[in-house]
Amino acid sequence: MRILLGTLALVVSSLPFGTPAVAAAPHDRGHSEPTWSESVVDADQSFRGLDAVDDRTAWVSGGSLTDGGPGKVFRTTDAGESWQDVSPPGTEGLGFRDVEASSARTASVLAIGPGEASRIYRTTDGGTTWTETFRNTEETAFYNCMDFYPGGKRGLAVSDPVDGKFRIIGTHDGGRSWQVMSDRGMPDSTGEFNFSASGDCLVINGRHAWFGSGGSISRVFHSTDFGRTWEATDSTIPAGEAAGVFGLAFRTPGEGLAVGGDFSATDNGVDATAVTTRRGDWRGAGDLAHLGEDAAWIQGRHHTVVVVGESGDVAGSSISLDGGLNWERFSETGFHTLDCVRRTCWAAGGNGRAATLHLR
């Protein structure tokens, strides 16, 4: 869809921003309170795609803030000291809202939009060259998010409904090719849509895949058979013309978090989170002080999860130590997209910003 610490000790990264491949302008990184170590990679980009491979390697993707400008992809292999522009050629007018990487060399990026604006590109040489592996040919389709199963061979991407049902494409060869899947196993989705807010409206954990919706109803769809059939459950996050589930995160197939809100009421984080129950459905969790655009679990801390949101007048980053039941905003700095690997969190957002945060 078109996008319209208390007792917790946080150790802030103090990465030295040297002479980068792309000029980075560090923001204030004071150590008096927990904060992100932030830099500007490309001020003309709004980053909504992010995938961290490890604590040194990450990819970000976005769209130009200049009308008709190129969508871009950047990669770091030195923990954010420098970012290289590794964008595909000929991307004027495209918005890369999702990037999924398996290494410093191999990644796929998804451009969103109606009709042929929805595309997937793949690289196996760190972005030196790219191959277009999918271009949407259905005028009413609008792809929003993608993800890959463990091992990287199988993957899924989701589009807003076509003829009343969400459209799914799948790959069996690591993203080299994509095929439109049958919608016979998809519940009626009339009036719903996805949000390409953060690249995490569709996520995969083990053999399980989920995606979130908004619009006429706010639901979470779940598949256990590689996207052939889906069950839909009320997310408890309020629905609306610009409201619903923006992002999903799962620590295990049985422990998940949905985040969202309403882009028309961006100062309201009430009822913006939900957690899974033992029965596999959802129940409302703690309120946020800002929208929840993306979330990530902290590896090694079973109940610790971070949420970020940037859109609107109230932005922020919040943390929960009890799996999402209670939240504390530890920073007024917000982002659109987030990924955490071990104890390192990466985030990216508007005006080409990228950041890291280390948790002890």
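Residues numbered from 1 in each chain as written. Predicted model: local features only at pLDDT ≥ 70, side-chain atom pairs only at ≥ 80, totals over all residues. Heavy atoms only, no water.

**Structural notes on the overall build of the chain**
At step 1: A tally of helices and strands in the chain yields zero helices and 31 strands.
At step 2: The C-alpha atoms of the chain give 18 Å as radius of gyration, which agrees with the globular expectation for 360 residues (21 Å, within 12%).
At step 3: Its C-alpha atoms put the chain at 55 × 45 × 35 Å along the principal axes.
At step 4: Per-residue burial for the chain yields a buried fraction of 62% across its 360 residues.
At step 5: When the 30 positive and 46 negative side-chain charges of the chain are each reduced to one mean point, those points stand 8 Å apart. (Helix = DSSP H or I, 4+ residues; strand = E, 2+ residues; numbered from the N terminus. Rg over C-alpha atoms; globule rule 2.2 N^0.38 Å. Buried < 20%, exposed > 50% of the residue type's maximum accessible area, 1.4 Å probe, protein only. Lys, Arg positive; Asp, Glu negative; His and termini not counted. Charge placed at Lys NZ, Arg CZ, Asp CG, Glu CD.)

**Remarks on the sheet that holds strand 17 (residues 208-212)**
At step 1: As summarised here, the arrangement of the four strands in space is 16-17-19-20, forming an open sheet in which the pairing is antiparallel. Unpaired on one side and paired on the other, strand 16 (202-205) and strand 20 (231-234) mark the two borders of the sheet. Taking the axes of each pair of neighbouring strands and ignoring which way they run, one obtains an average angle of 25° across the sheet. (Pairing = 2+ DSSP bridges. Axes fitted to C-alpha atoms, helices over the stretch in contact; angles between N-to-C directions.)

**Re the sheet that holds strand 25 (residues 294-297)**
Two orientations exist for strands paired in a sheet by backbone hydrogen bonds: parallel and antiparallel.
At step 1: Ordered in space as 25-26-27-28, the four strands form an open sheet in which the pairing is antiparallel. Pairing within the sheet leaves two strands with one partner each, and these edge strands are strand 25 and strand 28 (328-331). Pairwise comparison of adjacent strand axes, ignoring direction, gives a mean angle of 30° for this sheet.
At step 2: Across four bridges, strand 25 lies against strand 26 (residues 305-309) in antiparallel orientation. Opposite alanine 296, over in strand 26, you have valine 306 as the bridge partner.

**Some remarks on the nonpolar core**
At step 1: Counting 16 residues, the largest nonpolar core has Leu156, Val158, Ile168, Met186, Leu202, Phe211 and Trp230 as its most contacted members.
At step 2: When contributions to this core are tallied by element, the ones reaching two or more residues are strand 12 (155-162), strand 13 (165-171), strand 16 and strand 17.
At step 3: Here isoleucine 168 is in contact with Leu156, Ala157, Val158, Gln179, Val180, Met181, Met186, Phe211 and Trp230, once residues within four sequence places are set aside.
At step 4: If you look at the next biggest cluster of nonpolar residues, it comprises 15 residues, including Ile298, Phe335, Cys345 and Leu357. (Core = buried A, V, L, I, M, F, W, Y, C linked by side-chain atoms within 4.5 Å. Contact = heavy atoms within 4.5 Å.)

**Some words on the pattern of salt bridges**
Where charged atoms from two side chains of opposite charge approach closely, those side chains can pair.
At step 1: On inspection of all chains with the given rule, the structure shows 13 salt bridges.
At step 2: Arginine 353 is paired through a salt bridge with glutamate 38; the nearest N and O atoms lie 3.1 Å apart. Here glutamate 38 lies in strand 2 (residues 37-40) and arginine 353 lies in strand 31 (residues 353-359), a separation of 315 residues in the sequence.
At step 3: Arginine 353 is paired through a salt bridge with glutamate 310; the nearest N and O atoms lie 2.9 Å apart. One end of the pair, arginine 353, is in strand 31; the other, glutamate 310, is in the loop between strand 26 and strand 27 (316-320), with 43 residues separating them in the sequence.
At step 4: The class of arginine 353 is buried, set by a relative accessible area of 9%.
At step 5: Through salt bridges with shared partners, a single network forms among Glu38, Glu310 and Arg353. (Salt bridge = Lys/Arg side-chain N within 4 Å of Asp/Glu carboxyl O.)

**Description of the environment of glycine 247**
At step 1: Among the structural elements, glycine 247 can be located in strand 21 (residues 243-252).
At step 2: Judged by relative accessible area, glycine 247 falls into the buried class, the value being 0%.
At step 3: As a C-alpha pair, glycine 247 and glutamate 192 span 55 residues in sequence and 15 Å in three-dimensional space.
At step 4: Residues in contact with glycine 247, not counting those within four places in the same chain, are Ser198, Asp200, Leu257, Ala258, Val259 and Glu293.

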